[in-house]
Amino acid sequence: MEIILMFVAGLVVFIITVIAIIKGVTHRIKSPTDDLKEDISNLKKRVNDLENRKKT
């Protein structure tokens, strides 16, 4: 009986570990692209502001 419980506990820990690894990898992949999009939008705003100042 104890062997079955240990096997189940090990399986649960293994599943949690796999989920944590997948989340970590997806966060590392997604984070730089989100930062780039934010930087691009900030640069576009700055260019528009500069163009508007130049017109006036």
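As the structure is a prediction and not an experimental result, all values here were calculated from the model.

A few words now on the overall build of the protein chain. On a plain count of helices and strands, the protein chain comes out with one helix and zero strands. Against the compact-globule benchmark of 10 Å for 56 residues, the protein chain has a radius of gyration of 24 Å, which places it well outside the compact range. For the protein chain, the spread of C-alpha atoms along the principal axes amounts to about 80 × 10 × 5 Å. A total of 56 residues make up the protein chain; the buried ones form 0% of that total. Surface accessibility of the protein chain: about 5,700 Å² in total, with carbon and sulfur atoms responsible for 69%.

This brings us to a negative patch on the surface. On the surface, a cluster of negative charge is contributed by Asp34, Asp35, Glu38 and Asp39. Following the sequence through the fold, Glu38 ends up in helix 1 (residues 2-55). Under the relative-accessibility criterion, Glu38 is labelled partly exposed at 48%.

This brings us to the environment of Val18. In this structure, Val18 sits in helix 1. On the basis of relative accessibility, which here comes to 32%, the residue Val18 falls in the partly exposed class. Taking the C-alpha atoms as reference points, Val18 and Asp49, 31 residues apart in sequence, are found 47 Å from one another.

With that settled, consider a nonpolar patch on the surface. A surface patch of nonpolar side chains, about 1,000 Å² in accessible area, is lined by Ile4, Phe7, Val8, Leu11, Val12, Phe14, Ile15, Ile16, Val18, Ile19 and Ile22. As for its position among the elements, Phe14 is in helix 1. Given the relative accessible area of 53%, Phe14 is considered exposed.

Criteria and cut-off values
Residues numbered from 1 in each chain as written. Predicted model: local features only at pLDDT ≥ 70, side-chain atom pairs only at ≥ 80, totals over all residues. Heavy atoms only, no water. Helix = DSSP H or I, 4+ residues; strand = E, 2+ residues; numbered from the N terminus. Rg over C-alpha atoms; globule rule 2.2 N^0.38 Å. Buried < 20%, exposed > 50% of the residue type's maximum accessible area, 1.4 Å probe, protein only. Areas by Shrake-Rupley, 256 points an atom, 1.4 Å probe, with all protein chains shown as cover. Patch = residues over 30% accessible without salt bridge, like charges linked within 9 Å, V, L, I, M, F, W, Y side chains within 5 Å. Salt bridge = Lys/Arg side-chain N within 4 Å of Asp/Glu carboxyl O. Lys, Arg positive; Asp, Glu negative; His and termini not counted. Charge placed at Lys NZ, Arg CZ, Asp CG, Glu CD.

Remember that the coordinates give geometry; whether it matters functionally is a separate question.
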